[in-house]
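Summary of the model geometry
Letter by letter, the chains look like this.
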Amino acid sequence: MTSRPDPVQACPISPVVDLVFSRWSTPILWVLKGHGRQRFVEVQRRLPEITPKVLTQRLRQLERDGLVTRTYHAEIPPRVEYEITALGRSLGPVFAALTDWSDVHLASVEAARHAYDAAQA
């Protein structure tokens, strides 16, 4: 019986991809990096497609992972703010590299998809 290879050994960036590039994590981090500390409703306004439940789940996960901080202000009414941490900001060069790659190659990806779909039809 053959054993299955450890996915982390096969691709050591898998944990990072799972952490950062899970659905909505990147847009949330992008918004917090670009606009600074924000309340929940401000993040939601900038990402109108995300449901409040999913936004709450993603913010909690990002907080657990150390990429976002949540600050509770005990006032009436209570106020909660979210901010990207230094650890989260350290992903800036990764996002910049992906932006550069996208600028150069995304049109080629779209052309390849179009050619593939045309060949399948």
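In what follows, the accompanying structure is described. Everything numeric in this text was worked out from a predicted model, so none of it was measured.

Quick look at the environment of L59 now. On the secondary structure map, L59 appears in helix 5 (residues 52–64). For the pair L59 and T26, spaced 33 residues apart in sequence, the C-alpha to C-alpha distance is 11 Å.

This part covers a nonpolar patch on the surface. Together, I13, V16, V17, F21, V94 and L98 line one region of the surface with nonpolar side chains, adding up to about 470 Å² of accessible area. On the secondary structure map, L98 appears in helix 7 (residues 92–120). By relative accessible area, which is 42% here, L98 ends up partly exposed.

With that out of the way, let us pick up the nonpolar core. Grouped together as the largest cluster of nonpolar side chains are 19 residues, with contacts concentrated most on I28, L29, L32, L47 and V68. Counting residues per element, the ones that place at least two in this core are helix 3 (25–35), helix 5 and strand 3 (79–84). At four residues, the largest contribution of residues to this core is made by helix 3. Once residues lying within four places of it in the same chain are set aside, the contact partners of L29 are V20, L62, L67, V68, I84, L91 and F95.

Here the amide bond leading from I76 into P77 is cis, since omega sits at -10 degrees, within 30 degrees of zero. Structurally, P77 is set in the loop between strand 2 (68–73) and strand 3. Phi at W24 is positive, roughly 80 degrees, even though this residue is not glycine. Note that W24 resides in the loop between helix 2 (14–20) and helix 3. Relative accessible area serves as the criterion here: at 12%, W24 is assigned to the buried category.

What follows deals with the side chain of R58. Relative to the helices and strands, R58 is located in helix 5. Buried and unpaired, R58 has no salt bridge, with D65 as the nearest side chain of opposite charge at 5.5 Å. Apart from the residues within four sequence positions on either side, R58 is in contact with S22, R23, W24, S25 and I28.

Geometry of an aromatic ring pair is reported as the spacing of the ring centres plus the angle between the planes. In the structure shown here, the tally under the stated rule is two aromatic pairs. Ring centres 6.3 Å apart and planes at 65 degrees place the aromatic pair F21 and F95 in the edge-to-face group. A residue pair is termed long-range when its members are at least 10 positions apart, and F21 in the loop between helix 2 and helix 3 and F95 in helix 7 qualify at 74 residues. Aromatic side chains W30 and F95 sit 6.0 Å apart centroid to centroid with 45 degrees between the ring planes, which places their arrangement in the tilted category. Placement of W30 in helix 3 and of F95 in helix 7 is noted, with a sequence separation of 65 residues between them. Classification of W30 by relative accessible area gives partly exposed; the value is 48%. When its relative accessible area of 5% is taken as the criterion, F95 is described as buried. Among the aromatic residues, ring-to-ring pairing joins F21, W30 and F95 into one connected group.

The rules behind each value
Residues numbered from 1 in each chain as written. Predicted model: local features only at pLDDT ≥ 70, side-chain atom pairs only at ≥ 80, totals over all residues. Heavy atoms only, no water. Helix = DSSP H or I, 4+ residues; strand = E, 2+ residues; numbered from the N terminus. Patch = residues over 30% accessible without salt bridge, like charges linked within 9 Å, V, L, I, M, F, W, Y side chains within 5 Å. Areas by Shrake-Rupley, 256 points an atom, 1.4 Å probe, with all protein chains shown as cover. Salt bridge = Lys/Arg side-chain N within 4 Å of Asp/Glu carboxyl O. Buried < 20%, exposed > 50% of the residue type's maximum accessible area, 1.4 Å probe, protein only. Core = buried A, V, L, I, M, F, W, Y, C linked by side-chain atoms within 4.5 Å. Contact = heavy atoms within 4.5 Å. Lys, Arg positive; Asp, Glu negative; His and termini not counted. Phe/Tyr/Trp six-rings, centres within 6.5 Å; stacked < 30°, edge-to-face > 60°.

From the geometry alone we can't say anything about function, so treat these as descriptive.
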